[in-house]
Amino acid sequence: MSEASNIKMQNPANSKKMLLAMVGIGVISAFLIVMSFELTLPRVTRLKAEALEKAIFEVLPGTVNTQAFGVAADGKLFEIQEGDKPETTLYAGHDSDGKLVGYAVEASGQGYADLIRVLYGYDPAKQTIIGFQVLESKETPGLGDKIAKDEQFQNNFKALDVRISKDGQLRNKIITVKQGQKQNDWEIDGITGATISSRAVGNILGESTSNVVPVLYENYKKESNEQ
Amino acid sequence: MSNEKQKVTSTDEFIKGLWRDNPVFVQVLGMCPTLAVTNTAENALAMGLATAFVLLMSNILVSLLRNFVPKQVRIASYILIIATFVTVTDYAIQAISVELHKSLGAFISLIVVNCLILSRAEAFASKNSVGRSILDALGMGLGFTFALFCLGAVREILGNGSIFDMSIFPEGYQSWIVMILPAGGFFTLAAWLLVINKVQTKKAKS
């Protein structure tokens, strides 16, 4: 009882001090955070752009030039202007002779911990996926993050079948199967110990390829007819 | 009381965190990152250093403000200070290497709730001068990093057959997956605690 009244007695004098302390620390904190954000931003954007470029070269071997495109609602490709944020971003990669190597497509989906963002390379001439990279993931270190490092898993994406059937759709949707049970060219061999993450990769690729690959293939056919 | 404090030499302040009062092996603080991020030596080292940095910076600021913050709101202000430096560290790590940021993932933000940092702010920095707080933070931070590395190295060697991503066992080695799973963290921590306790009791007896 006496303690309670004590606190009441102290309050008027102290609350001003408390408020001052909290606001003061809050201002210092805000200043520090904004400062470090501003200081690191240019470098972080540069590193991210570099990482993206490296990933494109990785998924489209032989590429020297890249060009960013977006996919419009009517299924046409358009060049991305500065500041554009289309739903699907993709990069056309050309080799040193100016010939098209393929398209690198960004895709994302829910993983075990958070969104997983990936980039895959599509070769329209061969109608296969020829490369795959994880751009961003918060999957469990040592387990789920094997989707980015595991060599056996990465081997899945050297030739993943995404042929188009006559009606203009994907013949087979990409899917992840249990480790060691891959039988068809459009199946991804999963990882034991990273079941959810490797399945998520299958889902992301399945969704993205069934939307984007038909568009890209149409586009590729038109362009090669024109030449 | 203050006389007694003066007797503790500066080196003592630094050394105690490394061995006698090691935050992981003796105080058993900060178990969340200790168990979660120590599945490889590299992750453990990066996490330890990030934590040490946050500990150092928050100790400095808490010590500087120790006469200014009223008692009633001290915990709230410590948490605010710690959260600030965790955010700063997050940006810094991103600027150093996107790869490293990728591999530490969500655990950087979780440094905020590491009770080691809060306990040093409350038990030490809020009662001692800036210089001593820096020494204390350095000792505790390095002790924490050292302990994390001990766990990470053992778990990576047994669970993955490698150290710093370099294979050290011949091709046929069957790795113990359990060691990089959460259960392996508990096993390894228990084993280390056993060893450290044995050594310390032996020392106390002699």
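Note that the structure is predicted; figures quoted are calculated from it, not measured.

A. Inspection of the pairing of strand E4 (residues 100–110) of chain A at higher detail. Residue and element names in this part refer to chain A. Counting buried positions along E4 yields 8 of 11 residues, so the element is predominantly enclosed. Where strand E3 (residues 89–94) and E4 come together, 5 bridges link them in antiparallel fashion. Within E4, the position partnered with Leu90 by the bridge is Val105. Following E3, the chain reverses through 5 residues before pairing antiparallel with E4; Gly98 in that reversal takes a positive phi of roughly 85 degrees. Where E4 meets strand E5 (residues 115–123), 8 bridges bridge the pair, whose relative direction is antiparallel. Residue pairing in the sheet places Glu106 in a bridge with Leu119 of E5.

B. Quick peek at the pattern of salt bridges. All names here are of chain B. As enumerated under the stated definition, the model contains 13 salt bridges over all chains in all. A salt bridge links Glu122 to Arg74; its shortest N-O distance comes to 3.0 Å. Within this pair, whereas Glu122 is found in helix H7 (residues 115–125), its partner Arg74 is found in helix H5 (residues 74–96), the two being separated by 48 residues in sequence. A salt bridge links Asp136 to Arg120; the shortest N-O distance between them is 3.0 Å. Here Asp136 is found in helix H8 (residues 130–160), whereas its partner Arg120 is found in helix H7, with 16 residues between them in sequence. Neither residue differs from the other here; Asp136 and Arg120 are each classed as buried. One network of salt bridges, in which partners are shared, links Glu13, Lys16, Arg120, Arg132 and Asp136.

C. Representation of the packing of aromatic side chains within the structure. Taken as a whole and assessed by the stated rule, the structure comprises 6 aromatic pairs over all chains. Pairwise contacts between aromatic rings join Phe132, Phe153 and Phe157 of chain A into one cluster.

D. Inspection of the nonpolar core at higher detail. With 43 residues, the main nonpolar core has Val24, Phe25, Met47, Val54, Ile81, Leu104 and Ile111 of chain B as its most contacted residues. Secondary-structure elements contributing two or more residues to this core are helix H1 (2–59) of chain A together with helix H4 (41–64), H5, H7, H8 and helix H10 (182–205) of chain B. Of all the elements, H4 of chain B adds the most residues to this core, at 9 residues. If we ignore the near neighbours within four places in the chain, the residues touching Val54 of chain B are Ile82, Phe85, Val86, Thr89, Ile111 and Ile117 of chain B. Listed in part, the 34 residues of the second largest apolar core include Ile116, Tyr122, Ile191 and Ala194 of chain A.

E. Region of interest: the pairing of strand E6 (residues 128–136) of chain A. All names here are of chain A. Taken across its 9 residues, E6 has 7 buried, putting it largely inside the fold. Of the pairings in the sheet, the one linking E6 to strand E7 (residues 160–161) comprises 2 bridges and is antiparallel in character. If you follow Ile129 over to E7, its bridge partner there is Leu160.

F. Seen up close, the interface of chain B and chain A. With 28 residues of chain B at the interface, the matching set in chain A holds 27 residues. For chain B, the biggest contributors to the area lost against chain A are Tyr91, Ala95 and Lys102 of chain B; these three give 20% of the whole. The tally of links from chain B across to chain A stands at 0 salt bridges. Where chain B touches chain A, the interface holds 2 residue pairs in polar contact (both at pLDDT 80 or more).

Thresholds, definitions, all that
Residues numbered from 1 in each chain as written. Chains lettered and ligands numbered in written order. Predicted model: local features only at pLDDT ≥ 70, side-chain atom pairs only at ≥ 80, totals over all residues. Heavy atoms only, no water. Buried < 20%, exposed > 50% of the residue type's maximum accessible area, 1.4 Å probe, protein only. Helix = DSSP H or I, 4+ residues; strand = E, 2+ residues; numbered from the N terminus. Pairing = 2+ DSSP bridges. Salt bridge = Lys/Arg side-chain N within 4 Å of Asp/Glu carboxyl O. Phe/Tyr/Trp six-rings, centres within 6.5 Å; stacked < 30°, edge-to-face > 60°. Core = buried A, V, L, I, M, F, W, Y, C linked by side-chain atoms within 4.5 Å. Contact = heavy atoms within 4.5 Å. Buried area = accessible area lost by both parts, 1.4 Å probe. Polar contact = N/O pair within 3.5 Å; in protein donor to acceptor, adjacent residues only side chain to side chain.

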